[in-house]
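Chain by chain, the residues:
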Amino acid sequence: MTPRWKVFVIAGLAMAVLAAAIYFPILRRRVRRAARLQQQSEVQARRELIQPVAVNPADPRVKTSLFWASDAGDSTLAPVTVELPLSRDPVPRSKQVLNTLLAGPVDAELRTLPPDAVLLGFYLLPDGTAIADFSEALATSIPSGIVSEQLAVDSITRTLEANVPQVQRLKILIHGQEAETLAGHLDLTGAFAVRSRQAQLPASQPLTAPSSEKPAVPTSDKPPASATGKLTPDKGPGKLSQPERKS
Amino acid sequence: MLLDVGNIVRIRLLSLFGTLSVVFTGAAMVVSSPAPSQTQQPAPGTPPPANPPAASPQGGMAGSAASPFSGQPQQGGLNIVVLDPAHGGTDPGARGTGGIRESDIVLDFAMQVRRALELQGFQVVQTRQGNEDPSFDDRSATANAQRGAVFITLHVSSTGLPGTVRVYVNSDLPPVTNANGLIPWDRAQAPFLGLSRKFGDLVQGLLAQRFKGSPDTSQTASVRQLRTTAAPAIAVEISSVTVDDRAQLDRMAPGVADAIARGTAAFKPTYIVPNVPGGLP
Ligand SMILES: [Zn+2]
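All values reported here derive from a predicted model rather than from experimental measurement.

What follows concerns the overall build of chain A. When its secondary structure is counted, chain A shows 6 helices and 7 strands. Listing every helix and strand of chain A by position from the N terminus yields α-β-β-α-β-β-α-α-β-β-β-α-α. Among the 247 residues that make up chain A, the fraction classed as buried is 43%. Restricting to contacts in chain A with at least 6 residues of sequence separation, those with at least 24 account for 62%.

Residues and elements named next belong to chain B. Look at helix H4 (residues 193–210) against helix H7 (residues 253–267): their axes get within 8 Å of each other, and the N-to-C directions meet at 140°. When the axes of H4 and H7 are compared, the pair comes out oblique. The chirality of how H4 crosses H7 is right-handed. For the pair H4 and H7, contact is made by Leu 195, Lys 198, Phe 199, Leu 202, Val 203, Leu 206, Leu 207 and Arg 210 and by Gly 255, Val 256, Asp 258, Ala 259, Ile 260, Arg 262, Gly 263, Thr 264, Ala 266 and Phe 267, respectively.

Bringing unusual backbone geometry into the picture now. The amide bond that connects Ser239(B) to the next residue, Ser240(B), takes the cis arrangement and shows omega of -10°. Its place among the elements puts Ser240(B) in the loop between strand S6 (233–238) and helix H6 (246–250). In the Ramachandran plot, His175(A) falls in the positive-phi region, its phi being about 50° despite a non-glycine side chain. Position of His175(A) relative to the elements: it lies in the loop between strand S5 (169–174) and strand S6 (177–178). Phi is positive for His87(B), which is not a glycine, with a value near 65°. Relative to the elements of secondary structure, His87(B) occurs in the loop between strand S1 (80–85) and helix H2 (102–119). The exposure class of His87(B) is buried, given its relative accessible area of 4%.

Attention now goes to the pairing of strand S4 (residues 165–170) of chain B. All names here are of chain B. Burial analysis of S4 places 6 of its 6 residues in the buried class, the great majority of the element. Burial along S4 is two-sided: Val 165, Val 167 and Val 169 and Arg 166, Tyr 168 and Asn 170, pointing in opposite directions, are all buried. Inspection of the sheet shows S4 paired to S6 by 4 bridges, in the antiparallel sense. Bridge pairing in S6 places Val 165 opposite Ile 238. Direction of pairing for S4 relative to strand S5 (residues 219–221): parallel, over a ladder of 3 bridges. Directly across from Asn 170, in S5, lies its bridge partner Ala 221.

The next point concerns the coordination of the zinc ion. The zinc ion binds to the protein through His185(A) (NE2), His87(B) (NE2), Glu102(B) (OE) and His155(B) (ND1); the donor distances cover 1.9 to 2.1 Å. Classification of the site at the zinc ion rests on its 4 donor atoms, whose angles at the metal span 98 to 142°, yielding the label irregular. With His87(B) in the loop between S1 and H2 and His155(B) in strand S3 (residues 149–156), the pair connects residues that are 68 residues apart, well separated along the chain. Each member of the pair, His87(B) as well as His155(B), is classed as buried.

Bringing the confidence of the model for chain A into the picture now. Residues and elements named next belong to chain A. Averaged over all residues, the pLDDT of chain A equals 77, while 69% of them reach at least 70. Here helix H6 (residues 225–229) stands out as the element of chain A with the lowest mean pLDDT, 35, in contrast to strand S4 (residues 129–134), whose mean of 98 is the highest. Counting interchain partners and residues more than four positions distant, the pLDDT-below-50 stretch residues 46–52 has 10 contacts. Below a pLDDT of 50 lies the segment residues 198–247, which in the model reaches 87 contacts outside its immediate sequence neighbourhood of four places, other chains included.

What follows is about helix H2 (residues 90–103) of chain A. Residues and elements named next belong to chain A. For H2, built from 14 residues, the straight-helix expectation of 20 Å at 1.5 Å per residue is met to within 8% by its first-to-last C-alpha distance of 20 Å. Taken across its 14 residues, H2 has 10 buried, putting it largely inside the fold. Turning to H2, its buried residues number three or more, namely Pro 90, Arg 93, Ser 94, Lys 95, Gln 96, Val 97, Leu 98, Asn 99, Leu 101 and Leu 102. Just beyond H2, the residue with positive phi is Gly 104, at close to 95°.

Another aspect to go through is a nonpolar patch on the surface. Residue and element names in this part refer to chain A. Among the surface-exposed residues, Trp 5, Phe 8, Val 9 and Leu 13 lie close enough to one another that they form a single nonpolar patch of about 450 Å² accessible area. Looking at the element boundaries, Val 9 is found in helix H1 (residues 3–53). Its relative accessible area of 40% is what places Val 9 among the partly exposed residues.

Another aspect to go through is the nonpolar core. With 47 residues, the main nonpolar core has Ile152(B), Leu154(B), Leu207(B), Val236(B) and Val256(B) as its most contacted residues. Of all the elements in the fold, those that place two or more residues in this core are S1, H2, S3, S4, H4, S6 and H7 of chain B. Grouped together as the second largest cluster of nonpolar side chains are 35 residues, Leu98(A), Ala130(A), Ala137(A) and Ala179(A) included.

What follows covers the packing of H2(A) against helix H4 (residues 146–163) of chain A. Residue and element names in this part refer to chain A. Interhelical geometry of H2 versus H4 gives an angle of 135° and a closest axis separation of 10 Å. Between H2 and H4, the angle falls in the class oblique. The two elements H2 and H4 cross, and the hand of that crossing is right-handed. Each of Arg 93, Ser 94, Val 97, Leu 98 and Leu 101 in H2 lies in contact with H4, whose residues at this interface are Ser 155, Ile 156, Thr 159, Leu 160 and Asn 163. Classifying every residue of the contact of H2 with H4 by side-chain character gives 5 nonpolar, 4 polar and 1 charged.

Residues and elements named next belong to chain B. Spatially, S2-S1-S3-S6-S4-S5 is the arrangement adopted by the 6 strands of the open sheet, whose pairing is mixed. Single-partner strands in this sheet number two, and they are strand S2 (123–126) and S5. Across this sheet, the average inter-strand angle for adjacent strands is 30°, counted without regard to direction. Pairing geometry for S1 and S2, over 4 bridges, is parallel. Note that in S2 the partner of Ile 80 across the bridge is Gln 123. Along the sheet, H7 makes contact with S1, S3, S4 and S6, crossing S3 at roughly 160°.

How each quantity is defined
- Residue indices begin from 1 for each chain and proceed along its sequence in written order.
- Labels are handed out in written order, letters beginning with A for the chains and numbers beginning with 1 for the ligands.
- Whole-chain, interface and lining totals are the exception, using all residues; otherwise, since this is a predicted model, local features are given only for residues with pLDDT of at least 70 and side-chain atom pairs are given and counted only at 80 or more.
- Hydrogens are left out, water is left out, and the side-chain values use all remaining heavy atoms of the structure.
- Labels follow the DSSP assignment, with helices taken as runs of H or I lasting at least four residues and strands as runs of E lasting at least two, numbered in each case from the N terminus.
- Per-residue accessibility, obtained with a 1.4 Å probe over protein chains only, is compared with the maximum for each type, and a residue is labelled buried under 20%, exposed over 50%, and partly exposed between these values.
- We call two residues contacting when some pair of their heavy atoms lies within 4.5 Å.
- Every axis in this analysis is a line fitted to C-alpha atoms, fitted for helices over the stretch in contact. Angles between the N-to-C directions lie between 0 and 180 degrees.
- Note that the term roughly parallel is reserved for angles under 35 degrees, roughly antiparallel for angles over 145, roughly perpendicular for angles of 65 to 115, and oblique for everything else.
- By convention, the crossing between two helices is left-handed when the near helix turns anticlockwise from the far helix through less than a right angle, and right-handed when the turn is clockwise.
- In this scheme, strands are said to pair when DSSP sees at least two bridges between them.
- In this listing, donors mean N, O and S atoms no farther than 2.8 Å from the metal, or 3.2 Å for Na, K and Ca; water is missing from the atoms, so a site can look incomplete.
- Metal sites are grouped by the angles between bound donors: all angles between 85 and 135 degrees with four donors is tetrahedral, opposite donors over 155 degrees apart with the others between 65 and 115 is square planar for four donors and octahedral for six, and any other pattern is irregular.
- Every residue gets a pLDDT, meaning the predictor's confidence in that residue, from 0 to 100.
- An expected span of 1.5 Å times one less than the residue number is assigned to each helix.
- For patch building, the residue pool is restricted to those with more than 30% relative accessible area and no salt bridge; the joining distance is 9 Å between like charges and 5 Å between nonpolar side chains (Val, Leu, Ile, Met, Phe, Trp, Tyr).
- Computed with a 1.4 Å probe, the accessible areas rest on the Shrake-Rupley method; for each residue, only the protein chains presented here act as cover.
- The term salt bridge refers to a pairing of a side-chain nitrogen on Lys or Arg with a carboxyl oxygen on Asp or Glu at a separation within 4 Å.
- Nonpolar core, defined: a set of buried Ala, Val, Leu, Ile, Met, Phe, Trp, Tyr and Cys residues in which side-chain atoms within 4.5 Å join the residues together.
- Each residue is assigned to one of three groups, with Ala, Val, Leu, Ile, Met, Phe, Trp, Tyr, Cys and Pro labelled nonpolar, Asp, Glu, Lys and Arg labelled charged, and all others, Gly among them, labelled polar.

Written out as structure tokens, the structure reads:
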């Protein structure tokens, strides 16, 4: 290598070192900022999570029914009764109950919800519609399939039904967003009925005759009067006096 | 000090490589962006349906009395089955540890179900032929554009007793009110629930005879695919992708196909076909 070349190479390397020396602190600052942001959101999420389960010594201990799978590999639910200190206020009460459900049963085989899923928020509207916001893991960690996804939703709605009388129906959000499905099958665009129909719609009996409950004869295959009525919202917004069938 | 400089240079180079690889990945993505899939075409090798699927879907407007598609005279009521191999494309559906993908299995099942249905004299329209992923609405629209069709969506689950099959009918959902006061009705399946239940029970009964441990009657579930379908519609879910050997699932295909075909044939006389495609029963 001629001395001229050496000079060129050394000059080039020196320039690269110089550029790197300028860039390195910027890079380090960015990495630190990203780490700090992540830490913050983690702390935030934990705060959200811990708040609802905080035990208030004044809360009375009550029998709480939690719906987990009745048998491993089975697609039915069975209630497990435990004594928990539960708030009388429906929102913290729902959070306490759902966090216990998420924590899972003693036998992990009987879980209905993924162990890494967390409840991010819970809201209750005056009309009895509850909104439960779960972390992304509820959708990404659950086994995909109609049977597994329906079991997960049923365990949530039946546990709320058994323990929080104020909740009439439930809307599920994933990380604050409306999702089309839970994991490719179960419809999350609507709200799930939580209260049993008898308790909920005593005055709308004529409406609660969906075509599925009619006698199985061909001549009855005309739409029920309510079917066409469903498409004309003459009852005004916010009034949810539609037939709700428990799944 | 020298070591430090070396590290700095390495970091610089690494970041340069990072930038380059991002650029290359971006370019590759642009090149390989998928072409729009054709999902509503009947399978090659079969005659086109008497009522070709309309180009513009009705969007599942079950209650619309004035349909743009006036009913053409058609003999014999129910004669079209819209078969939906679920998932596909970037959505593999349920995945087993042994590499079994729901989206692949249902496509193979659909071939056998199709053959069995054609032997019963039905015309079959598939929502997808290969590894595409039409939207839920596109799949429903394939059925909603037909007159005298039933809709069957095929699935393989992640759970449940292996070797069993369950038929699902949509459960009724209470509506939600938007902020603007409109009820997003999107409930095309609602007027068909009774028929779907009847259809589902017929197919489930035949499946239960063949696959021990399966339920005797159809189940209800809030299946997204069924909600927007304006036809008697069922989901058939086979358990499960957790089998050690794919052959265990393959062996179930003829039985599933036969039960679906015979169940559909048994349902045919009870279905009084509406005058317009996607119309009320
Ligand atoms: Zn599926």
